[in-house]
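# Close look at the chain arrangement
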Amino acid sequence: MGFTLRQPVGIVVAITPFNYPALLVLHKVGPALASGNAVILKPASATPLTALALAQIFVDAGVPAGVLSVLTGSGGVLGDALVADPRVRKVSFTGSTGVGERISSLAGITKLSLELGASSPTLVLPGADLEQAAAAVAAGGYVNGGQVCISVQRVILHRDIEADFLAALQPKVEAIRMGDPFAAGTTLGPLISEREAERVATSITRAVSEGAQLLTGGERDGAFVSPAIVTGVDTRQAFAQEELFGPAVAVTTVADFDAAIAAANGTPYGLAAGVFGGTLAEGVRAMREIDAGSIHLGWTPLWRADLMPYGGFKASGYGKEGVRSTVAEMTEVKTVILHG
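As a starting point, this report considers the structure included with it.

What counts and how
Residues numbered from 1 in each chain as written. Predicted model: local features only at pLDDT ≥ 70, side-chain atom pairs only at ≥ 80, totals over all residues. Heavy atoms only, no water. Helix = DSSP H or I, 4+ residues; strand = E, 2+ residues; numbered from the N terminus. Polar contact = N/O pair within 3.5 Å; in protein donor to acceptor, adjacent residues only side chain to side chain. Contact = heavy atoms within 4.5 Å. Buried < 20%, exposed > 50% of the residue type's maximum accessible area, 1.4 Å probe, protein only. Pairing = 2+ DSSP bridges. Phe/Tyr/Trp six-rings, centres within 6.5 Å; stacked < 30°, edge-to-face > 60°. Lys NZ or Arg CZ within 6 Å of the ring centre and 35° of its normal. Salt bridge = Lys/Arg side-chain N within 4 Å of Asp/Glu carboxyl O. Right-handed = clockwise from strand over helix to strand, strands pointing away. Axes fitted to C-alpha atoms, helices over the stretch in contact; angles between N-to-C directions. Parallel < 35°, antiparallel > 145°, perpendicular 65-115°, else oblique. Left-handed = near helix turned anticlockwise from the far one by under 90°. Nonpolar A, V, L, I, M, F, W, Y, C, P; charged D, E, K, R; others polar.

On to the side chain of Ser120. Topologically, Ser120 is positioned in the loop between strand E6 (111–115) and strand E7 (121–124). Within the structure, Ser120 has its side chain in polar contact with the backbone oxygen of Ala272 (distance 3.4 Å). Apart from residues no more than four positions distant in its own chain, Ser120 is found in contact with Cys149, Ile150, Ser151, Val152, Gln153, Arg154, Leu271, Ala272 and Pro301.

Written as structure tokens, this is what we have:
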């Protein structure tokens, strides 16, 4: 008779980014503790206080001393030391592809879950409800200042509906109100730092210098960048190839469905994608042929449910999050055979 047991891996190192400083901590710490592990949490240097407050809540709820530790400071110093330590049996990291590659090189024979960069596309095809698609892109491309790994960075637009879609999208984007996030009516706050705002504004300027057109927005004021639509973007341009992490979308116009699929797959990333319109057969092809960990038919990539597996293909990483998936990633399977 044979059966299997799951047991904790032991020590989990969880490294989290700045953009969702409570949610992304809980995505890692909750399942790690639930499956019996000890956790060393390294939050982003820009947002350590939320992680410390959450850790205090866990301690107050009865987590034993030493089971959950929080280390704050430089990722280049602390992160390297943590992931290279042979006592660590699991590293769960959310952040850039470059840092993920470094973790892979340092960690050795350790279980890894890497949720990395993205340049997530949304395809808008004939037959789409253009008002719905435009409203979804106007939300999915700019929420949290575009500082979301599954934000709409690219819109791949069929040429037959280009003018109508942009006519629907532009006023919705221009209606986004920048300002103090605590003020009533504000829908777009600043980026995490002025340095990041400079980087985003420079990326937009460079895209225009390479032949794209700035339809609206893209102006920087301190740490704010006004919500931008950049049209005429070639998929080969850096503006499409690199993760922007800012309040702008790149619009690429294509002639047919095959070109739309090619454009969707034309970056190193593969985290998530959205599709509006098209035929049933094209929807089936999209879900099979787009190289991404999540495909949304009738919505943008900016959607996830924690009961479902979440993670990317290609340079967007490997391993899955979502409570059930994370517990599986943070445990090891032991096969037991009873001989008689």
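The next thing to look at is the pairing of strand E5 (residues 90–94). Most of E5 is tucked away: five of the five residues are buried. A two-sided burial pattern is seen for E5, the buried positions comprising Lys90, Ser92 and Thr94 on one face and Val91 and Phe93 on the other. Bridge analysis of strand E2 (residues 11–15) against E5 gives four bridges, and the strand direction is parallel. In the sheet register, Ile15 faces E5, and the bridge partner there is Phe93. The pairing of E5 with E6 spans five bridges and is classified as parallel.

So, about unusual backbone geometry. Glycine aside, residues mostly have negative phi angles, and peptide bonds mostly take the trans form. With a phi close to 60°, Asn144 is a non-glycine residue in the positive phi region. With respect to the secondary-structure elements, Asn144 resides in the loop between helix H5 (130–140) and strand E8 (154–158). Its identity is not glycine, yet Lys314 carries a phi of approximately 55°, on the positive side. Tracing the backbone through its elements, the reader meets Lys314 in strand E17 (residues 313–314). For Lys314, a relative accessible area of 39% gives the class partly exposed.

Per the counting criterion, the structure on display carries one aromatic pair. Relative to Phe245, the ring of Phe18 has its centre 6.0 Å away and its plane inclined at 90°; by these criteria the two rings are edge-to-face. Of this pair, Phe18 sits in the loop between E2 and helix H1 (23–34) while Phe245 sits in the loop between helix H8 (238–241) and strand E13 (248–254), placing them 227 residues apart in sequence. Phe245 matches Phe18 in its accessibility class, with the two residues each being buried. If you follow Arg304 out to its NZ or CZ, it ends over the ring of Tyr310, 3.7 Å from the centre.

Tallying each qualifying case throughout the model produces 14 salt bridges. Linking Glu194 and Arg220 is a salt bridge whose minimum nitrogen-to-oxygen distance equals 3.2 Å. Pair noted here: Glu194 is in helix H7 (residues 194–209) and Arg220 is in strand E10 (residues 220–221), with a separation of 26 residues, a long-range link. On the basis of relative accessibility, which here comes to 43%, the residue Glu194 falls in the partly exposed class. Looking at Arg220, the relative accessible area reads 37%, which means it is partly exposed.

Summarising the sheet, E2 and strand E3 (residues 38–42) pair through five bridges and their orientation is parallel. Bridging from a neighbouring strand, Ile15 pairs with Lys42 of E3. Each parallel crossover has a hand, and for E2 linked through H1 to E3 it is right-handed. Pairing between E3 and strand E4 (residues 68–70): three bridges, direction parallel. Within E4, the position partnered with Val39 by the bridge is Leu68.

It is worth spelling out the packing of H5 against helix H6 (residues 162–174) at this point. Look at H5 against H6: their axes get within 9 Å of each other, and the N-to-C directions meet at 40°. In terms of axis orientation, H5 runs oblique to H6. Here the hand of the crossing between H5 and H6 comes out right-handed. Every residue of H6 that contacts H5 at Leu130, Glu131, Ala133, Ala134, Ala135, Val137 and Ala138 is listed here: Asp164, Phe165, Ala168, Leu169, Lys172 and Val173. Here the contact of H5 with H6 is composed, by residue class, of ten nonpolar, no polar and three charged.

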